[in-house]
Amino acid sequence: MFTFHPISESTRRRLLDGGLDPDAASALVRLAVAEDLMGGIDVTSVATIPANHRSTAVFGAREPGVVAGLPVAAAAIEAVCGDSASDFDYLVHDGTAVVAGQHVASVTGPTRGLLTAERTALNLLCRMSGIASLTRQWADQLEGTSATVRDTRKTTPGLRALEKYAVRCGGGANHRFGLSDMALVKDNHVAAAGGVAEAYASVRALEGTIPVEIEVDTLDGLAAACTAGADMVLIDNFDTDRMRAAVAYRNEHAPDVLLEASGGLTIETARSVAATGVDLIAVGELTHSARVLDIGLDLADSPSAGDPAPVAQ
């Protein structure tokens, strides 16, 4: 049975500062490492590396992008190595744009443990950095406009908190985290309730303190949602002409209502969508289709067994 170690207080603080639950992150990395070990040991590392051998491992970007997830990678290393790994050295902060070849972090510890934790640390770091990198591309397209790109619930099961954190690192905003922190009345809810007004009234009767967003696909639906009292309206699959009409209606009749565009949006059209005056742009691909950012882990040295290795600068 593999023995895991608690994560350090410094890593817990970094996770908390990023809005992440340290206990949840610790449980996740343990699950991932356990999946890798399959109830056994890292046979290759045990066979080839002395138990007391130590090395410095350096995380390096192999392509340009935005880094996210370094405290999560640290949690993976610490869960395997415990106090035998020196402090995780952050060479950049999450949210930093990096270039190919740039070192982003390093850590010194038992070589076996570093290599056992390597894949879990990289799987999460690369995934999160890919999301942050794609989000930054969208955010850059919207720079100078009043619109903000935000994510959806189209996340990898079990990784929602990490993926939404990565969106924030990339300059985006988060939509609801789940089904209970806000109401999103979609077309199926409207159909089942008998109309926009009826659906809104039912939600407000159930819980009057959470934000309510209503999805519409016509300008008449927008008018009904605004009249009902929605906090936000999701205008789904509107072309830019109808978006401008929706913004004009909102500005005249319900200036406090936020408008969120969704459906068929691409990064090539992002700026023209923002120019219509919508407040938010919902992009599911930020989390469901982001390509991972290629980050690798390499041993920077090969010190003699038992000798501490200096942390790479």
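Residues numbered from 1 in each chain as written. Predicted model: local features only at pLDDT ≥ 70, side-chain atom pairs only at ≥ 80, totals over all residues. Heavy atoms only, no water.

(A) The arrangement of the packing of helix H5 (residues 111-142) against helix H6 (residues 160-169) in detail. Interaxial distance between H5 and H6 falls to 7 Å at its minimum, and their mutual angle equals 40°. Considering the angle they form, H5 stands oblique to H6. Judged by the sense of rotation from one axis to the other, the crossing of H5 with H6 is right-handed. Residue-level contacts link Leu124, Arg127, Met128, Ile131, Ala132, Thr135 and Arg136 of H5 to Leu162, Glu163, Tyr165, Ala166, Val167 and Cys169 of H6. (Axes fitted to C-alpha atoms, helices over the stretch in contact; angles between N-to-C directions. Helix = DSSP H or I, 4+ residues; strand = E, 2+ residues; numbered from the N terminus. Parallel < 35°, antiparallel > 145°, perpendicular 65-115°, else oblique. Left-handed = near helix turned anticlockwise from the far one by under 90°. Contact = heavy atoms within 4.5 Å.)

(B) Expanded view of the environment of leucine 219. You can see leucine 219 is positioned in helix H9 (residues 219-228). Sequence separation of leucine 219 and alanine 245 is 26 residues, and the distance between their C-alpha atoms is 7.9 Å. Those residues within four positions of leucine 219 in sequence are excluded, and the remaining contacts are Phe238, Arg242, Ala245 and Ala246.

(C) How the structure looks around the sheet that holds strand S8 (residues 212-216). Read from one edge to the other, the open sheet built from 6 strands follows the order S6-S11-S10-S9-S8-S7, with strand pairing classed as parallel. The open sheet has two edge strands, strand S6 (148-150) and strand S7 (183-185), and neither has a second partner. Neighbouring strand axes in the sheet, compared pairwise and without regard to direction, differ in orientation by 25° on average. Alignment of S7 against S8, held across 3 bridges, turns out to be parallel. Looking at S8, one finds that alanine 183 is bridged to valine 212. Its contacts with the sheet place helix H8 (residues 196-206) against S7 and S8, and it is angled at close to 160° to S8. (Pairing = 2+ DSSP bridges.)

(D) Structural context of a nonpolar patch on the surface. Where nonpolar side chains cluster on the molecular surface, the patch consists of Ile41, Val43 and Val46 and spans about 260 Å² of accessible area. Mapping valine 43 onto the fold places it in helix H3 (residues 43-48). (Patch = residues over 30% accessible without salt bridge, like charges linked within 9 Å, V, L, I, M, F, W, Y side chains within 5 Å. Areas by Shrake-Rupley, 256 points an atom, 1.4 Å probe, with all protein chains shown as cover. Salt bridge = Lys/Arg side-chain N within 4 Å of Asp/Glu carboxyl O.)

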